[in-house]
Amino acid sequence: MLFSTVYAAAALFVAQAAAHGAVTSYVIDGVTYPGYTGFSPATSPKTIQRQWPDYNPTLTVTDKKVMCNGGTSADLSAKVAAGGKIRAIWAQWTHEQGPVMVWLYKCAGDFANCDGSGKQWFKIDQEGMTAPPLSGTSWGTAKVLKQLYWESTVPKSLAPGNYLVRHELLALHQALNPQFYAECAQIQVTGSGTAQPSGDYLANIPGYAAQSDPGITVNTYADKSTTYTPPGPKVWSG
């Protein structure tokens, strides 16, 4: 009986792990950086990625875990020139309906004192639904499922400094049960840019939108809408 119980629990654990996903490495300006893998982040190599405890989703946009999947610190950081490329890589992903959103946050000083608080998060990239229907596969997350990576360009005019980069997949495959998957890494932006976003481009995380936002609560099977707007502010391109 005990063996059966343990086996069933282990099987459930594996099934849950296989059902989700997280960013597990990065390629930034052509340099590869390892991330965390599996459910044992403490045994992973030193990385630019803020440590996340598990693959499980965050279920509300107001949960503190939605910021960096519970990650609060990393040992390293990666340099990227303004105008350079950031590629996030997933070891696995399974959901086809939902947007991809890529965010930055400028740290006031060193990374050890950068907690992501305050209305300073801004999007540099996103892709929602590119063609109807909502129940189809013309979504940003469907591209992640197919290629297991997402590549974005850092705005060329962005002012240099220490930043957090946050990759977020919002899975909408279950009606009225959104699932947020987000991980953060530490980057040092270089260059001679001077621009910083302001006003409507900035948001707090957690809480960048209401849980009732149509981009979060959309029923991708029952809703017949032909367009979709990701939650949160507009993308800032510099």
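Residues numbered from 1 in each chain as written. Predicted model: local features only at pLDDT ≥ 70, side-chain atom pairs only at ≥ 80, totals over all residues. Heavy atoms only, no water.

The name given to the protein chain in an unreviewed UniProt entry is Lytic polysaccharide monooxygenase, with Macroventuria anomochaeta as the source organism.

1. Thoughts on the side chain of Thr58
The following threshold applies: Counting from the N terminus, the helices are the DSSP runs of H or I reaching at least four residues and the strands are the DSSP runs of E reaching at least two. Throughout, exposure labels follow a simple rule: accessible area from a 1.4 Å probe, protein chains only, divided by the maximum for the residue type, with under 20% read as buried, over 50% as exposed, and the rest as partly exposed. Only heavy atoms matter for contacts: two residues are in contact if any of them lie within 4.5 Å across the pair.
For Thr58, the position within the fold is in the loop between strand 2 (31-34) and strand 3 (78-81). Judged by its relative accessible area of 4%, Thr58 is buried. Those residues in contact with Thr58 that sit more than four places away from it in its chain are Asp63, Lys65, Val66, Pro178, Gln179 and Phe180.

2. Concerning the state of the cysteines
To be explicit about the condition: Here, two cysteine sulfur atoms that lie within 2.5 Å of each other are counted as a disulfide.
Summed over all chains, the structure comprises two disulfides. Between the sulfur atoms of Cys68 and its disulfide mate Cys184 the distance is 2.1 Å. Looking down the S-S bond of the Cys68 and Cys184 bridge, the torsion is -85°, so its handedness is left-handed. Of this pair, Cys68 sits in the loop between strand 2 and strand 3 while Cys184 is found in strand 9 (residues 179-190), placing the two residues 116 residues apart along the sequence. Cys184 shares its class with Cys68; the two are buried. Note on cysteine connectivity: Cys107 is disulfide-linked to Cys114, with sulfurs 2.1 Å apart. Between Cys107 and Cys114, the S-S torsion sits near -75°, and that sign places the bridge as left-handed. With respect to class, Cys107 is no different from Cys114; both count as buried.

3. Brief notes about the pairing of strand 8 (residues 161-171)
Both faces of the sheet carry side chains from a regular strand, because those side chains alternate between them. This is how it is decided: In short, DSSP must find at least two bridges between two strands for them to pair.
Most of strand 8 is tucked away: 10 of the 11 residues are buried. Two strands pair when backbone bridges link them, and strand 5 (residues 100-106) and strand 8 are joined in this way by seven bridges, in the antiparallel orientation. Directly across from Val102, in strand 8, lies its bridge partner His167. Here strand 8 pairs with strand 9 via 11 bridges, running antiparallel. The partner of Ala171 across the bridge, within strand 9, is Gln179.

4. Some thoughts on the side chain of Thr47
We apply this condition: A 3.5 Å cut-off defines polar contacts: any pair of N or O atoms within that distance qualifies, except that in protein one atom must be a possible hydrogen donor and the other a possible acceptor, and neighbouring residues in sequence count only when both atoms are side-chain atoms.
Its place among the elements puts Thr47 in the loop between strand 2 and strand 3. From its side chain, Thr47 meets the backbone nitrogen of Gln49 in a polar contact 3.1 Å long. Other than its neighbours up to four places away in sequence, Thr47 contacts Pro34, Gly35, Tyr36, Ala74, Asp75 and Leu76.

5. Quick word on the sheet that holds strand 6 (residues 121-127)
As a general point, the strands of a sheet are linked pairwise by backbone hydrogen bonds and lie either parallel or antiparallel. Our working rule: Working convention: axes come from line fits to C-alpha atoms, limited for helices to the stretch in contact. Angles between N-to-C directions cover 0 to 180 degrees.
Within the open sheet, the five strands sit side by side as 3-9-8-5-6. Their pairing is mixed. The open sheet has two edge strands with one neighbour each: strand 3 and strand 6. Going from strand to strand, the sheet's axes swing by 35° on average, the running direction of each strand aside.

6. Comments concerning the sheet that holds strand 2
The strand order across the open sheet built from four strands is 2-1-4-7, with neighbouring strands paired in antiparallel fashion. Looking at which strands have only one partner, the edges of the open sheet turn out to be strand 2 and strand 7 (149-153). Averaged over neighbouring strand pairs, the angle between their axes works out to 20° when direction is ignored. Examined bridge by bridge, strand 1 (residues 23-28) and strand 4 (residues 85-90) share five bridges and lie antiparallel to one another. The residue of strand 4 that forms the bridge with Val27 is Arg87. The strands touched by helix 2 (residues 140-147) within the sheet are strand 4 and strand 7, with strand 7 carrying the most contacts at an inclination of about 120°.

7. With respect to the nonpolar core
Applicable threshold: Side-chain atoms within 4.5 Å are what join buried Ala, Val, Leu, Ile, Met, Phe, Trp, Tyr and Cys residues into a set we call a nonpolar core.
Of all hydrophobic cores here, the largest spans 33 residues; its most connected members are Ile28 and Ile187. Look past the residues within four positions of Ile28 in its chain and what remains in contact with it is Tyr33, Ile48, Ala78, Lys79, Val80, Lys85, Ile86 and Ile187. Within the second largest apolar cluster, 27 residues are counted, among which are Val61, Val66, Met101 and Met129.

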